[in-house]
Amino acid sequence: MISLDLRNAKLNEDLSSWQEKVTKAHHDLREKTGAGNDFLGWVDWPVNYDKEEFERILALKKRMEGKYDTVLVCGIGGSYLGARAALEMIKGLYPDDGVEVIFVGNTFSHTYLTQVLNHIKDKEVVLNVISKSGTTTETSVSFRIFKQFMEEKYGAEAKERIYATTDKARGTLKELADAEGYETFVIPDNIGGRYSVFTAVGLLPLALANVDIEALMKGSYDAYKELDTADLDKNPAYQYAVARRILDNMGYKAEYFVTYHLQLTMIAEWWKQLFGESEGKDGKGILPTSACFTTDLHSLGQFIQEGSKTEFETIFYIDDMSDDIVFPSDDKDLDHMNYLAGKKLSWVSEMAFEGTLSAHSDDGNNPNMVIHLKDNSAYSFGYMIYFFFIACGMTCYLLDINPFNQPGVEVYKKKMFKLLGKN
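Presented here is an overview of the structure given in this document.

What the chain contains, in helices and strands, is 15 helices and 10 strands. Its C-alpha atoms give the chain principal-axis dimensions of about 65 × 65 × 45 Å. For the chain, the residues scored as buried account for 52% of the 423 residues in total. Taking contacts inside the chain between residues at least 6 apart in sequence as the whole, the part at least 24 apart equals 79%. Of the roughly 19200 Å² of accessible surface on the chain, 50% is carried by carbon and sulfur atoms. Across the chain, the 45 positively charged side chains and the 63 negatively charged ones have centroids separated by 6 Å.

All right, on to the sheet that holds strand 4 (residues 125–130) then. Spatial ordering of the open sheet is given by 3-2-4-5-6, a layout of 5 strands whose pairing is parallel. The open sheet terminates on both sides in strands that have one partner only, identified here as strand 3 (100–104) and strand 6 (183–186). Across the sheet, the mean angle from the axis of one strand to that of its neighbour is 20 degrees, orientation sign disregarded. Here 4 bridges tie strand 4 to strand 5 (residues 162–166), and the two strands are oriented parallel to one another. Across the sheet, the residue bridging to Asn128 is Tyr163, located in strand 5. Contacting strand 2 (70–74), strand 3 and strand 4, helix 5 (residues 110–120) crosses the sheet at an angle of about 150 degrees to strand 3.

Tallied over the entire structure, the rule returns 1 cavity of 30 Å³ or more. Space inside the largest cavity adds up to approximately 40 Å³. Forming the walls of the largest cavity are Trp45, Asp50, Glu53, Phe54, Ile57, Thr199, Ala200 and Leu203. At the level of secondary structure, the elements contributing two or more residues to the lining of the largest cavity comprise helix 3 (51–63) and helix 8 (200–208). Examining the composition of the lining of the largest cavity, we find that 3 residues originate from one element, helix 3, more than from any other. Grouping the amino acids of the lining of the largest cavity by side-chain chemistry returns 5 nonpolar, 1 polar and 2 charged.

Moving on, we get to a nonpolar patch on the surface. On the surface, Leu93, Tyr94 and Leu262 cluster together to form a nonpolar patch covering roughly 380 Å² of accessible area. Looking at where Leu262 falls in the secondary structure, it is placed in the loop between strand 7 (254–259) and helix 11 (265–279).

This part is about the pairing of strand 10 (residues 368–375). Within strand 10, 7 of the 8 residues are buried, which leaves the element mostly enclosed by the surrounding structure. Of the strand pairs in this sheet, strand 1 (residues 2–5) and strand 10 are connected by 4 bridges, and their pairing is antiparallel. Following the sheet pairing, Ser3 is matched in strand 10 by His372. Pairing of strand 9 (residues 311–320) with strand 10, which is carried by 7 bridges, proceeds in the parallel orientation. Its bridge partner lying in strand 10, Asp320 is registered against Asp375. Of the crossover connections in this fold, the one passing from strand 9 over helix 13 (residues 345–363) to the parallel strand 10 is right-handed.

Attention now goes to the packing of helix 10 (residues 236–249) against helix 11. When two helices pack together, their arrangement is captured by the angle between the axes and the distance separating the axes. Here helix 10 crosses helix 11 at 60 degrees, and the two axes come no closer than 15 Å. One finds that helix 10 runs oblique with respect to helix 11. Crossing of helix 10 over helix 11 shows right-handed handedness. Here Tyr240, Arg244 and Arg245 of helix 10 come into contact with helix 11, specifically with Trp271, Phe275 and Glu279.

Let us now look at a negative patch on the surface. Taken together, Asp319, Asp320, Asp323, Asp324, Glu350 and Glu354 make up a surface patch of like negative charges. Among the structural elements, Asp324 can be located in the loop between strand 9 and helix 13.

Analysis parameters
- Residues numbered from 1 in each chain as written.
- Predicted model: local features only at pLDDT ≥ 70, side-chain atom pairs only at ≥ 80, totals over all residues.
- Heavy atoms only, no water.
- Helix = DSSP H or I, 4+ residues; strand = E, 2+ residues; numbered from the N terminus.
- Buried < 20%, exposed > 50% of the residue type's maximum accessible area, 1.4 Å probe, protein only.
- Contact = heavy atoms within 4.5 Å.
- Areas by Shrake-Rupley, 256 points an atom, 1.4 Å probe, with all protein chains shown as cover.
- Lys, Arg positive; Asp, Glu negative; His and termini not counted.
- Charge placed at Lys NZ, Arg CZ, Asp CG, Glu CD.
- Pairing = 2+ DSSP bridges.
- Axes fitted to C-alpha atoms, helices over the stretch in contact; angles between N-to-C directions.
- 1 Å grid on protein atoms, 1.4 Å probe; cavity = no way out; pocket = protein on both sides within 12 Å on 5 of 7 lines; lining within 4 Å.
- Points joined across faces, edges and corners; volume = space filled by probe spheres on them.
- Nonpolar A, V, L, I, M, F, W, Y, C, P; charged D, E, K, R; others polar.
- Patch = residues over 30% accessible without salt bridge, like charges linked within 9 Å, V, L, I, M, F, W, Y side chains within 5 Å.
- Salt bridge = Lys/Arg side-chain N within 4 Å of Asp/Glu carboxyl O.
- Right-handed = clockwise from strand over helix to strand, strands pointing away.
- Parallel < 35°, antiparallel > 145°, perpendicular 65-115°, else oblique.
- Left-handed = near helix turned anticlockwise from the far one by under 90°.

Here it is in structure tokens:
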């Protein structure tokens, strides 16, 4: 399902030299004895997820069938990135199944919120607000605005169209949801936001958007089983984790996460949060950044090819994307493009990938890793997220940091609240 190609990684030591450290870190992850173990609930979630709540999600989807054409997802960070990444990877940027998903609660932008309100005024809407505490400012601002929109549009029926994903027992949003009579779903106490896409945080909006969440969970379960080994010869997730540490030690302090399809750009955004918030602590870590080729080659290609050698590339390449088109022939050939006539654009993209890899690795002397995923199905998405979860946990444990807190994020919030006048 997932394979890792390290032939162009230019590592200066063998992965096997890290085996002892990997074995210990694997034990700490699986047995939940490592740093931040209070937030290791994701490790066995593919087995121990709440089956009753999962069935409630499917029941809600069935109950609301035909009653909405727009889903508003109100959340920030891990409360929306995973669902959006999954939605775009699996269904593409312009799905034609009659359901539009709009993400709010991730910005203060008054222009964006105003435009969304205007766009949905004649739509049939359901709203999923996602917040552990209910006090996340960006989400709270948007939720008040869209809660009032729903009440004005639907009256008493609004409470049947608003769903809260939050703490199981306490917090501002839980109290509000109980008071208003919204159906609630749980953000587990032992799973942090950036690891939460296969909980109700991601599963509810994805189900409402017609994504096969049963296949997604099957993918994560298979990854859980197949990647449950400390043997570096058999675990590509741990190979990726160790390769990152070796490149870090070699002086490569930035990682380009490269995709080749626009519908995968949100996978990169989700990956950046996962690794950035998990690894960037104590003056350590690799800067996570991203690029979408070939588009970004026209802006970043020169730097990557001949600029300062401070970064390496991790190419996330899906071998079989669901959509394709054949390049047409033209009798006049005034654009001199008939040399591509009859070729599938997937083949053109593959040649661009191989040519760029050769240029950057052979001529530019940049380290490159390639992560191959079979396809862009819901099953593959589920498998992929678990791959990155355990790779992230491993690479952080090898760096001797706690991957599951984010103290630096709280600093900007305190400064902002002071300026906003919040007590």
